[in-house]
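# Working through the structure, step by step
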Amino acid sequence: MGNKAKEKSKMIDTKDKDILNLDNEIIIGIKSLPKVQKQKKVSKQRDEKNMNKKKSAKPRKKNQNMYIKQKEQMKKNKKRVQEDEVELRLGIEDDIYKEKRKKQQVKRKPKLTPKQQEIVKKKRKIIFRLVKWTSLIILLIGGGIYFLLSPFFNIKNITIIGNEKITQETIISLSEIKLEQNTFKISKSKVEQAIKANSYIDSVKVKRKLPDGIEIQVTERKPAYMLTLGNAYVYMNKQGYLLEISQEKLDLPIITGILTSEDQLQEGSRLCTEDLQKLSSVIQIMDSANNNDMGKLITKINISDKQDYILELKSEKKNVHVGDTSNLSTKMLYIKKVLQSEKKKEGDIFVNTDLSTKGAIFREKV
């Protein structure tokens, strides 16, 4: 019996030492918490074994008081360990809370002065107004676009102004505008370019006549001269644009002696640069002849030599060597005199000489 009591006292002493060691480790700091938990598990397992042994041993009456005291001491030790754990956890939570609070204090902005607060309020008001007006503008624009693309602005009629040679149907087909098409879906510049594809069209202006009309105003090129191309005739205006190739001969002067190749004589194309320069001289000669009532007499103009333009007067059976474009009004007066004095005579008139000394020369054809 004495030996058993001694063993029990030794067990209690070892448990007390373990508990003291746990207390010391808890006091040291947070890092020792895992060890405390391990030791706690070991002590629990030991206690359970001892309890099982004690139950199986059936202690006698003399040792009952000792057994009760040991049991009470174990309960006290458990409570103490639990309290230490709670305190430790509370300490850890306090540290975490303190760290969070420090971070929040760092993130918090310093308090603004009254002036700074007023500036912030003004900025907020400005931003609010900007957002408000921009949203209103976007709504208005969206509503406007929806209204403009509505059937209310579908095309009901197309008006053509300024056409003489080209028919309305041709111009409308060139424009590719269709009835019941929304007027704002049409590109005016594209329509103008499409109509200009016709060689007779010099300029085009497209106007919207709201809500449902389109007006197309055109300026046509008019043929002023002709070129020969085999058995056909090429109509040409004063700017050197080739308008049409036709078998029909018009009552217009025929220009010969051009440098433009036959391959370039196509509808919509233009004379070469040298021929265009000569054409400007031809226009000056024709204007002077019209002023002297002789324009209708000219049937052909040879421009092969820019220093000597030759006019053919078929009805008068005469050719006139005009020379260059200098002193045209004087030259036309001399030509007029020769035509009056040499009626019904076939020959050549020369006004490309020194008119101040020799005047106009007429050479009758033998």
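One can find the structure itself at the top, above this paragraph.
As the structure is a computational prediction, the values presented were derived from the model and not from experiment. Within each chain, residue numbers correspond to sequence positions counted from 1 in written order. This being a predicted model, a pLDDT of at least 70 is required before a residue's local features are given, and a value of 80 or more before pairs of side-chain atoms are given or counted; all residues contribute to the totals for chains, interfaces and linings. To obtain the side-chain values, all non-hydrogen atoms of the structure were included, while hydrogens and water were left out.

Looking now at empty space enclosed by the protein. With a probe scaled to a water molecule rolled over the atoms, the places where space remains empty come into view. Buriedness for pockets is judged along seven lines, at least five of which must meet protein on both sides within 12 Å for an open set on the 1 Å grid over protein atoms alone, while cavities are sets there where a 1.4 Å probe fits but cannot get out, and lining residues have an atom within 4 Å of a point. Grid points are joined across faces, edges and corners, and a volume is the space filled by probe spheres set on the points. The tally for this structure, following the rule as stated, stands at one cavity of 30 Å³ or more. As a volume, the largest cavity reaches approximately 50 Å³. If you trace the largest cavity, you find it lined by Ala289, Met294, Leu297, Ile298, Leu311, Leu313, Val320, Met332, Ile335 and Leu339. The helix and strand labels rest on DSSP assignments: H or I over at least four residues marks a helix, E over at least two residues marks a strand, and numbering proceeds from the N terminus. For the lining of the largest cavity, the elements supplying multiple residues, two or more each, are strand E9 (309-313) and helix H8 (328-341). Looking at the lining of the largest cavity element by element, the count peaks at three residues for H8. Residue classes follow a fixed rule: Ala, Val, Leu, Ile, Met, Phe, Trp, Tyr, Cys and Pro count as nonpolar, while Asp, Glu, Lys and Arg count as charged, and any other residue, Gly among them, counts as polar. For the lining of the largest cavity, the residue count by class is ten nonpolar, no polar and no charged.

Here we take up the side chain of Asn237. Here Asn237 lies in the loop between strand E5 (232-236) and strand E6 (242-246). Overall, the relative accessible area of 2% leaves Asn237 in the buried class. Residue exposure (1.4 Å probe, protein chains only): buried if accessible area is under 20% of the type maximum, exposed if over 50%, otherwise partly exposed.

Our focus in this paragraph is the sheet that holds strand E3 (residues 213-220). Spatially, E1-E3-E2 is the arrangement adopted by the three strands of the open sheet, whose pairing is mixed. Here the strands that pair on one side only, and so sit at the sheet edges, are strand E1 (157-161) and strand E2 (201-209). Across the sheet, the mean angle from the axis of one strand to that of its neighbour is 20°, orientation sign disregarded. Following DSSP output, two strands are said to pair if at least two bridges run between them. As paired strands, E2 and E3 are joined by eight bridges and run antiparallel to one another. Opposite Lys207, over in E3, you have Glu215 as the bridge partner. Contacts are residue-level and defined by heavy atoms, with any inter-residue pair within 4.5 Å sufficient. Geometry is summarised by axes, namely lines fitted to C-alpha atoms with helices restricted to the contacting stretch, and by angles between N-to-C directions that run from 0 to 180 degrees. Set on the sheet, helix H5 (residues 168-175) makes contact with E1 and E3; between it and E1 the angle comes to about 115°.

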